[in-house]
Amino acid sequence: MNFQNTREFAQSLDTQDQLKKYQSEFEFPKVNGKKTIYFTGNSLGLMPKRAKKYIDDVMNDWANLAVEGHFYAEKPWWDYHERFSNPLSKIVGAKPSEVSVMNTLTVNLHMMMVSFYNPTSTRFKIICEEKAFPSDQYMFQTQVKFHGLDPKDVIVEVKRREGEHNLRNEDIIAKINEVGDELALVLIGGINYYTGQVLDMENITKAGHAVGAKVGWDLAHAAGNIELKLHDWNVDFACWCSYKYMNAGPGSVAGYFVHEKHHNNKEINRFGGWYGHNKERRFLMEPEYTPNEGALGWQSSCTGVLAMAPYLASVEMFDEIGMEALIKKRDLITAYLEFIVEETAKETGTNLEIITPKNQAERGSQLSIILHGEGKELFHYLMKQGVVTDWREPAVIRLAPVPLYTTFEEMYDFGQILKTGIQTT
C-alpha cells in the first residue's frame, strides 16, 4: 500500500477498519481533557468497559449468595477458571486441555520450572537471551540456587552480535547445539520486551528437543499479539501475563500452557494444591494428591475469581474478533506508524532509528525507536501532549499501536506532535 502522511488518508483507513467499533469498548485516560493516544498496551492494556460488569457480577453474587456463590452463581466460582480453556486455546494455538489460568506470570514460571527443570550432574544448563526481562533473570537465579547450583555455571545467555540490536535465530540454535548434552532447559521470551523482536519459536523449540532439552517460552509480550501455535510447535510449556495486550488489568491472573504429551506423566514433579486435585473428588478431602487431567492438574490454590473476572471479559472479546482479524489490522497499523516515523525523521532531519525488525514476521504491535540526538525532554513533551508512550534508557521510546483500540488517525496525529516536539524541545 502506498501510504500518505495526511489526515484524510489516515481517516480513509479508519473508515475501512473492521475493528473500529471496538475502540468505544475501552476507557481512555485523558490529558488536558482530551483522550490520549495510548501507546503502552505492551505494558498495561486499557480497561475494557465490560470488565467492570464482570467484576460487579462477582461482587453481587458474593453479596447475595455468599459461600453459595461457589456453586450457584451465574458463573459458579469453583470452576470459573475452566471458562478460559476454549478461548485461550485459540489465542495461543493449543488444545483446550492444554491451557488454563492461575497465579501471575513469574509465579507460573516458577511452577513450570518445578516440572521442567530437573538438573542432573551432567545435564543442568539453562539457555536464555541476553538481558532477559529482569523478573525472568531473578527467577532463573533463584531456581538454580534452590537446586544448590551456581548461576554462573548454569545460565548461558545468547548474546547479540557486536553493533546489532536484535538476536539472530541462528545464533540461538548454534548455542543450543554448542551446549548440547549439558542443556536441560531453553527458556526465552518469545518477543523481546525491549526491541519488540519476535523469535523463531518453532525452530528454536525443535533445536532444543534435538539435543534432549525441554523448551519453554515466556509469552508476556506475545499472547494476544502474534500468531502462536504452541501445540503444533511441540512446546513443552509456556506462560504469559494477561495485563498487556490482553487488557485484563494490573497484576491480573496469568495464563499457562502444558503440552498434552506431559499430561499423563505420573513421574513429573509439580507443586500440588486443592484445586489441582481431581475435581470430581475434591470435596472428599482425600489425603493423597491425584492431579486433574490436562493443564488443570497444575492448579494449586482456590480460584481467584475477582482477578479472573476482567480477564474473562477480555478473552471473550478476543473470541468474538479472532486472532486473524487482529493480526491483519496489527500489520497494517504498525506499518503505517513506521511510515509516519520515517516521514517525520525526513521532515525534521532527525535520526529516528527503528530497532524493531522491519520484517513483519519478526514483529508484533510494537516499534522501538532510538531518538538519536534527542533527550528525555522529547519524551516528556509527548506525554504532556497526551501521547502515552514508554521510555527506556538510554534513549528509546516504545510505541505499541494495539489494534483493538488504536486508530490510524491517531498515528497521523502522533507524527504531527512528534514533529513539533523535535522542533521545539
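What counts, and at which threshold
Each chain has its residues counted from 1, running along the sequence as written. Local features in a predicted model are, by the rule used here, given only for residues with pLDDT of at least 70; side-chain atom pairs are given and counted only at 80 or more, and totals for whole chains, interfaces and linings are based on all residues. Excluding hydrogens and water, the side-chain figures rest on all heavy atoms present in the structure. Think of it this way: DSSP has to see at least two bridges between two strands before they count as a pair. In DSSP terms, a helix is any run of H or I states spanning at least four residues, a strand is any run of E spanning at least two, and both are numbered starting from the N terminus. Every axis in this analysis is a line fitted to C-alpha atoms, fitted for helices over the stretch in contact. Angles between the N-to-C directions lie between 0 and 180 degrees. UniProt positions are given in the numbering used here, feature names are shortened, and annotations may be inferred rather than shown by experiment. Between buried and exposed lies partly exposed: a residue is buried under 20% and exposed over 50% of the maximum accessible area for its type, with that area taken using a 1.4 Å probe on protein chains only. Whether two residues touch is decided by their heavy atoms; if any such pair falls within 4.5 Å, the residues are in contact. Domain borders in the structure are assigned automatically or taken from a domain database. As used here, buried area is the combined drop in accessible area, with a 1.4 Å probe, of two parts when they are placed together. We define a salt bridge as a contact between a side-chain nitrogen of Lys or Arg and a carboxyl oxygen of Asp or Glu at a distance within 4 Å. What sets the label is the angle itself: under 35 degrees gives roughly parallel, over 145 gives roughly antiparallel, 65 to 115 gives roughly perpendicular, and the rest give oblique. For a crossing to be left-handed, the near helix must be turned anticlockwise from the far one by less than a right angle; the clockwise case is right-handed. In this classification, the charged set is Asp, Glu, Lys and Arg, the nonpolar set is Ala, Val, Leu, Ile, Met, Phe, Trp, Tyr, Cys and Pro, and all remaining amino acids, among them Gly, are polar. We call a pair of cysteine sulfur atoms a disulfide when they lie within 2.5 Å. Joining through side-chain atoms within 4.5 Å is the link that ties buried Ala, Val, Leu, Ile, Met, Phe, Trp, Tyr and Cys residues into a set, and such a set is a nonpolar core.

(A) The sheet that holds strand S13 (residues 352–354), seen in detail. If you trace the 4 strands from one edge of the open sheet to the other, you get S13-S14-S17-S16, paired in antiparallel fashion. Pairing within the sheet leaves two strands with one partner each, and these edge strands are S13 and strand S16 (390–392). Averaged over all pairs of adjacent strands, the angle between their axes in this sheet comes to 30°, without regard to strand direction. Strand direction decides the pairing type here: S16 and strand S17 (residues 396–399), joined by 3 bridges, are antiparallel. Bridge pairing links Trp391 to Ile397 in S17.

(B) How the structure looks around the UniProt feature "modified residue: N6-(pyridoxal phosphate)lysine" (unreviewed entry) in the chain. Here, the residues flagged by UniProt with the feature "modified residue: N6-(pyridoxal phosphate)lysine" (unreviewed entry) are Lys244. Given a relative accessible area of 11%, Lys244 falls into the buried group. Setting aside residues up to four positions removed in sequence, Lys244 forms contacts with Gly41, Asn42, Ser43, Leu44, Gly45, Ala220 and His221.

(C) Highlighting the domain arrangement of the chain. Annotation of the chain at the domain level lists domain 1 (7–47 + 323–423) and domain 2 (52–321). Just the C-alpha atoms count here: the centres of domain 1 and domain 2 sit 29 Å apart. Facing 37 residues of domain 1, the contacting portion of domain 2 comprises 27 residues. Roughly 2500 Å² is buried in total at the junction of domain 1 and domain 2, and carbon and sulfur atoms are behind 58% of that figure. Our enumeration of links across domain 1 and domain 2 arrives at 0 salt bridges.

(D) Spatial organisation of the packing of helix H2 (residues 49–65) against helix H10 (residues 305–321). As a packed pair, H2 and H10 sit with axes 8 Å apart at the nearest point and diverge in direction by 140°. With respect to H10, the axis of H2 lies oblique. At the point where H2 passes H10, the crossing takes the right-handed sense. Packed against H2, whose contacting residues are Arg50, Ala51, Tyr54, Ile55, Val58 and Met59, the element H10 presents Val305, Leu306, Ala309, Pro310, Leu312, Ala313, Glu316, Met317 and Glu320 at the interface. Across the contact of H2 with H10, the residue classes tally to 12 nonpolar, no polar and 3 charged.

(E) Molecular detail of the UniProt feature "binding site: pyridoxal 5'-phosphate" (unreviewed entry) in the chain. In the numbering used here, UniProt assigns the feature "binding site: pyridoxal 5'-phosphate" (unreviewed entry) to Leu105, Thr106, Phe133, Pro134, Ser135, Asp136, Asp218, His221, Tyr243 and Trp274. What stands out for the annotated residues spanning 170 residues is how far apart their C-alpha atoms range, the widest pair being 31.4 Å apart. By secondary structure assignment, the location of Thr106 is in helix H5 (residues 105–116). Contacts of Thr106, omitting those with residues within four sequence positions, involve Ser135 and Met139. Along the chain, the position of Pro134 falls in helix H6 (residues 134–146).

(F) Structural context of the state of the cysteines. What the rule picks out here adds up to 0 disulfides. Considering cysteine sulfurs only, Cys239 is the nearest to Cys128, which forms no disulfide, with 15 Å between them. Relative accessible area serves as the criterion here: at 2%, Cys128 is assigned to the buried category.

(G) Focus on the nonpolar core. Leu88, Trp217, Trp240, Tyr311 and Leu404 are the most contacted members of the largest nonpolar core, which totals 72 residues. Per element, the largest residue contribution to this core is 10 residues, and it comes from H10. Of the residues that make up this core, three or more belong to each of domain 1 (7–47 + 323–423) and domain 2 (52–321). Excluding residues that lie within four positions of it along the chain, Leu404 makes contacts with Leu19, Tyr22, Gln23, Phe26, Asn247, Met317, Phe318, Ile321 and Leu326. Ala10, Ile37, Leu382 and Ile422 belong to the second-largest nonpolar core, a separate cluster that totals 35 residues.

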